[in-house]
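Close look at the chain arrangement
Single-letter residue listing:
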Amino acid sequence: MIDRIFHEGEKLVQERAGERAIALLNGRNIAMQIPAAARLFVTQQQAAILAWEDEHGQLWSRLIFGAQGFIVPSDNLTALTLTIPADAHEQIVRLPIHHPVGILLLEFATRRRLRVNGTILRNYENELEIAVVEGFPNCPKYIHKRHFHDEAEQAVSDVHQAGTSMDATVREIINNADTFFVASRHPERGTDASHRGGNVGFVKIREDSLFVPDYHGNSMFNTLGNFASYPKAGLSFVDFERGLQLQLSGDVILHFDVAEDQELTGGTGRWWEFRTQEWKLIPFHSAIKWKYIEASPFNP
C-alpha cells in the first residue's frame, strides 16, 4: 500500500538517488487528511503558500497572508477553508471546481511546516474550500527563522510589473534571496507547494536560466519527482525588505551527478534548471514587517 503513495516520477528519482528505502519509510507519514496533531497548527497560521496551474497551463506559487484563523480545517480533517486576501483574488477566483492545488503552511519562527495537496470543492467570493488528497508534515531543513507582524504605519508598495525575460530587478531579487517557494504538479496526482532555502545567492543565474541546488531532504523527492513527470514549475521569491513578491513560471530540466558541483549542491551533485517564460512582480496585500532571526543550521 505504501508503495502506491509515490508516482512513477518520484520512484525514478528516489531510485536514481539511491534513497528509495528511506522514501518508503518517510512516506508512512502521508495521509489522506490533515494529521490530527496539526489541527491547532493550521488555525494558528498567518501565512500559506498556494500552488496552482492557470488556464494557460502555467504553474504559479504565491505567498499569502491573513490573521490567525484565515485557514480552518473541517471537523473531520478531510478539507480546509482558506480565506483569500483581496490582492490575490484576481489570480485565484478563476480556478474551477475539482482543480488541483497545493498548500504549504510554514511557520517561519518555529520552522514547522505542513503540506496539503488537494482539489477545490468550492471557490466562492473570497473563500477557497479544498478537499484534502494528501497531508503530511515536512522536516525543518533550510528554513530561516523570521518573525513577521502587520505594521500599520508602514507604507505599502504599489509596484506591479510583468515580463517574459528577466530584467535587472528580477535578477537582483533572485541574487539576494535565501528563500523561495515552488509549485510543481503531476498530471494525474495533483499539484504541490514546497519550500527551498539556503545561503543568500544559493540560486545561481546562468545566462537566462536559474540553477537550483537540490540539497539533502526527506528522500521522497515530491518536487523533483513531479518535474521528472511534468517538467514545469512556478516559483515565488520574497523581497522581505521591500515587501515585494516575484512570481515566475517556466520549464524545468533536471541535472544529476554533476561531479564538479558537489560543494555547491551540499554533496548531492543534483541541480534543477528553471527557464522563465513569464514573471510578475507584485506587492504584499498589507504592510508586513519582517525580522530576520537566524539562518538554518542545515545550510551547506
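For the structure itself, look to the data block above.
These lines cover the structure that appears in this document, whether it is placed above or below. Remember, it's a predicted structure, so these values are computed and weren't measured experimentally.

1. A look at the sheet that holds strand β6 (residues 112-124)
In sheet architecture, strand pairing relies on hydrogen bonds along the backbone and comes in two forms, parallel and antiparallel. The strand order across the open sheet built from 7 strands is β2-β1-β5-β6-β7-β4-β3, with neighbouring strands paired in antiparallel fashion. With partners counted over all chains shown, the strands left at the sheet margins are β2 (59-65) and β3 (71-73), one partner each. Taken over all neighbouring pairs, the strand axes of this sheet differ in orientation by 30 degrees on average, direction set aside.

2. Describing the pattern of salt bridges
Pairs can form between side chains of opposite charge whenever their charged atoms are close. One pass over the full model with this rule turns up 16 salt bridges. For Asp192, the salt bridge goes to Arg115, with nearest N and O atoms at 2.6 Å. Separated by 77 residues along the polypeptide, Asp192 in strand β11 (residues 190-197) and Arg115 in strand β6 bring together distant segments of the chain. In this pair, the class of Asp192 matches that of Arg115, namely buried. Connected through shared salt-bridge partners, Arg111, Lys145 and Glu294 make up one network.

3. Thoughts on the packing of helix α1 (residues 8-17) against helix α6 (residues 222-229)
α6 packs onto α1 with a crossing angle of 115 degrees between their chain directions and a minimal axis gap of 7 Å. As judged from the angle between their axes, α1 and α6 are roughly perpendicular. Note on packing geometry: the crossing formed by α1 with α6 is right-handed. Every residue of α6 that contacts α1 at Glu8, Gly9, Glu10 and Val13 is listed here: Asn222, Leu224, Gly225, Ala228 and Ser229. Per-class residue counts for the contact of α1 with α6 are 3 nonpolar, 4 polar and 2 charged.

Cut-off values and rules
Residues numbered from 1 in each chain as written. Predicted model: local features only at pLDDT ≥ 70, side-chain atom pairs only at ≥ 80, totals over all residues. Heavy atoms only, no water. Pairing = 2+ DSSP bridges. Helix = DSSP H or I, 4+ residues; strand = E, 2+ residues; numbered from the N terminus. Axes fitted to C-alpha atoms, helices over the stretch in contact; angles between N-to-C directions. Salt bridge = Lys/Arg side-chain N within 4 Å of Asp/Glu carboxyl O. Buried < 20%, exposed > 50% of the residue type's maximum accessible area, 1.4 Å probe, protein only. Parallel < 35°, antiparallel > 145°, perpendicular 65-115°, else oblique. Left-handed = near helix turned anticlockwise from the far one by under 90°. Contact = heavy atoms within 4.5 Å. Nonpolar A, V, L, I, M, F, W, Y, C, P; charged D, E, K, R; others polar.

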